[in-house]
Amino acid sequence: MTGWGIERIQHFDPGDLVKDGFVHFGFHDRNGRQFAIAHTRHFLGQVGDADRLDWTVARAPVFPDVPNITADLEFPMFIDNLADGSLLVSNFECARLYRIDVERMRADLLVDGHVLGMADMGNGVVDAAGSVWVNEVTGCRVWRFDATGRVIGILGTGQPGFQPDSADFDEVRFNWIYDIRRGPDDAIYVLDSRNFALRVIDIPARRVVTIAGTGSPGYTGDGGDARQATFGSDPTARFDGPISLSLDELGNAYIGDRHNHVVRILERATRTIATIAGNPAVDRERANDPAERDPGRLNLPQISSMDYHGGRLFVPTDLAEGHGDLIVLRRSYSDTAPSRDVPRRQAGSRGRPDDQPGPEPAAASLAGGGGPARHHPMSSPFEPAALADALIDAEPGAAARRNEIRIVRAPGRVNLIGEHTDYNEGFVLPAAIDLEIRIAYLPAPDRRVELTRLDTGDRDGFDLDTPRARNGSWLDYVAGTAWALTEAGLPLTGLRGVVASSLPTSAGLSSSAAIELASAWAMLGDLAETVDRFELARRCQRAENAYVGVNSGLMDQFAESCGVAGAALFLDCRSSEWRPVPLPPDLDLVVLHTGSRRSLSRSEYNVRRSQCEAAVSALSRLDPSVRSLRDVTPGALAAAAARLEPVEFRRARHIVSENERVGATVAALEAGDLGAVGELFAASHASLRDDFEVSSPELDAMVEIAVAVPGVAAARMTGAGFGGCTVNLVRPDAVGALTATVREAYPTRTGLTPMILPVRVAPGAGRIVWQRLI
Ligand code: GLA
């Protein structure tokens, strides 16, 4: 009997670039080459040495440094090799199948499914004769093409149904097909998901035979006859039941049963079925523990795909909306079952270990206490399906259009270093974080934008064609964004939506830029994908400057629009050049909220800005080439000290030295020199406290408490200042100690309750593809 053990558990983020080739789905081809597919970022890439991408295929270059093959890959699904070595990539959304010629770096459209009347497209697999088999997921049919893309045949009537016995090609009734694979016997295996069955297309006999599943949902049959097994349990759920299929070289089939949260094996030799991983008692919020060794205890909330290769089964799970685990199961041929006595949890592992409490609810968040499900249970709807329900509650007419509901998101940000430098044409190093604002909405035929806040129930709206004056409410950010986008000539659509947030407001995490970007993505609809992300950030900055009336720089909107998972963003605010700076993988990012809301921030912010401008005008009288503090060196500033007011001198000294620290921090991060990063953060904080005077006693206390904890590599205030949060780079095994120390020491020193927010670095704003996560 084959045994299965856990080789590895890795927390991953679909926005992460590579991470073993399993961004969301992934695939090893028959030569062992690895590919990564990011559905939501619409690209496929080949994973080369050192986990870097060799090339990508996408509509537009996703990574400037990686060669790009242009193809309209919206929601890529799966790949296989044609006989000539070129790759097949199917595109669910547009029902298109591309052939990618890697040698010549080009993509050719092989099949345009919409022209053929296909509803959508699942996988493309090639049989021994070189024909291409494609499953039409909701169309309940399997299509067969020749290598040039010509239709050879269609299996099934397109009418859902179930025949327990073998049926002729043309008569077969499939019901939603989530996966299709070629077996070592050269047959084509079809995961007939809503029939809860696995079928085999016997090509020479022109028959389709059911080899597992009764056609009824359930969870029985372990250890018994595979034909009597049941999978899934809810025949009406849109994405229920058996979701993914793999086959090994022995002809064993593996089925990811998404509803029952288990992976089952159908042993070819014995025709029996057994569960090899997972536990139906899932906790949807819990990440898997890397210390876990028992496949039976794995938490598989949403198996998203599987890939069998070389004795390993790769099982990505799609935990709380995008953040998941990649589980690698390893086959062994011994009779011994995997050990069951390994401790369940280890301090310091990600995903909220039991001994490391998550953050308290965000008191002042737009959602009144929300947070990403990865961190803690939601007190208001945040998951896509729950948001859709909330929209239906707010807009009863939406019930009939549930499948048209769209969801967009925009992250908050922390700034690692480079504070108040953006409006001085200097350098910044922010990162988007996985605390975010989401809007679920339905486009409306009229020109009204109507939004309901889910935290307060407030409903407010405006007409896109009627000028609206700002009135100090949260809607100003949305109306300002509409105004700035319209000013740029971008057409907007009316909508009805609900807004949820896990991002604390007035915390220095830039929830205002997040509501701007989320609403921009909503009002722009499909057009948003085509607008340059940097340009979109500029439009949102314009909304904040000219409509809301805050004279902020570009950093926040830039970080939240252009964010790259796992990387900070180094931006030159003069040239607009930027590049991602990957964060060391062995460091966690922890945001510590002082519990003091930012007061005076708006007026003091504008005062700082004018003091910087005053310093520039004095310095440019000495040297006309000085256009901003960016042009001033520390030496030149020291030489001009007597010509500046003392306060202007100190403001300028902060900016000039901070710009130097940003460059030094990038170099230190790239060199892995955490000691240097710690010193640079400390110097930045001191400069903001003493020279720029934007810190507060609470921020100072929080930094002092944090840096005293062993394993805290760097800490400083983040954002505009005057209260809010600190940013901390922490070794994962020190997060527990930091949490405990802050909880104890901070209230004693300040009388305030801190909020501890472990965050991950997230991708920039965009649409959440939630109904088609299959
Ligand atoms: C706020 C502004 C940014 C930036 C920071 C300080 O977040 O919106 O543009 O100036 O303060 O670095």
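Note: the structure precedes this text.
Not measured: the values here are computed from a predicted model.

Scoring rules and cut-offs
- Residues numbered from 1 in each chain as written.
- Predicted model: local features only at pLDDT ≥ 70, side-chain atom pairs only at ≥ 80, totals over all residues.
- Heavy atoms only, no water.
- Pairing = 2+ DSSP bridges.
- Helix = DSSP H or I, 4+ residues; strand = E, 2+ residues; numbered from the N terminus.
- Axes fitted to C-alpha atoms, helices over the stretch in contact; angles between N-to-C directions.
- Near = heavy atom within 4 Å.
- Polar contact = N/O pair within 3.5 Å; in protein donor to acceptor, adjacent residues only side chain to side chain.
- Areas by Shrake-Rupley, 256 points an atom, 1.4 Å probe, with all protein chains shown as cover.
- Nonpolar A, V, L, I, M, F, W, Y, C, P; charged D, E, K, R; others polar.
- Phe/Tyr/Trp six-rings, centres within 6.5 Å; stacked < 30°, edge-to-face > 60°.
- Buried < 20%, exposed > 50% of the residue type's maximum accessible area, 1.4 Å probe, protein only.
- Lys NZ or Arg CZ within 6 Å of the ring centre and 35° of its normal.

### Quick look at the sheet that holds strand β36 (residues 725-730)
With antiparallel pairing, the four strands of this open sheet are ordered in space as β35-β36-β34-β37. For this open sheet the edge positions go to β35 (712-717) and β37 (755-759), each flanked by a neighbour on one side alone. Between one strand and the next, the sheet's axes are offset by a mean angle of 20°, whatever the strand orientation. The sheet contact formed by strand β34 (residues 588-593) and β37 spans five bridges and is antiparallel. Looking across to β37, one finds that H593 is bridged to M755.

### Notes on the site of the ligand
Around the ligand, a shell composed of R413, E419, H420, D422, Y423, S552, G553, M555, D556, Y605, G719 and A720 is seen. Here an oxygen atom of the ligand and a side-chain polar atom of D556 are 2.6 Å apart. Note that an oxygen atom of the ligand is positioned 2.5 Å from one of the side-chain N or O atoms of Y605. Across the complex, the protein chains shield 93% of the 310 Å² of accessible surface that the ligand would expose by itself. Looking at the shell around the ligand residue by residue, the classes come out as four nonpolar, four polar and four charged.

### What about the sheet that holds strand β18 (residues 197-202)?
The strand order across the open sheet built from five strands is β15-β19-β18-β17-β16, with neighbouring strands paired in antiparallel fashion. Here the strands that pair on one side only, and so sit at the sheet edges, are β15 (167-168) and β16 (177-182). Across five bridges, the pairing between strand β17 (residues 188-192) and β18 is antiparallel. Counted as the bridge partner of V190 is R199 from β18.

### Examining the packing of aromatic side chains
By the definition in use, this model includes 11 aromatic pairs. Between F43 and F63, the aromatic rings sit 5.2 Å apart at their centres with planes inclined by 90°, giving edge-to-face as the arrangement. Highlighted residues: F43 in strand β4 (residues 43-47) and F63 in the loop between β5 (53-58) and β6 (68-70), separated in sequence by 20 residues. Of the two residues, F43 and F63, both sit in the buried class. With a centroid separation of 6.4 Å and an interplanar angle of 70°, the aromatic rings of W176 and Y178 are classed as edge-to-face. Note on accessibility: W176 and Y178 belong to one class, buried. R194 extends its terminal NZ or CZ atom over the ring of W176, reaching a point 3.9 Å from the ring centre. The aromatic ring of F681 is capped on one face by R716, whose charged end is 5.9 Å from the ring centroid.

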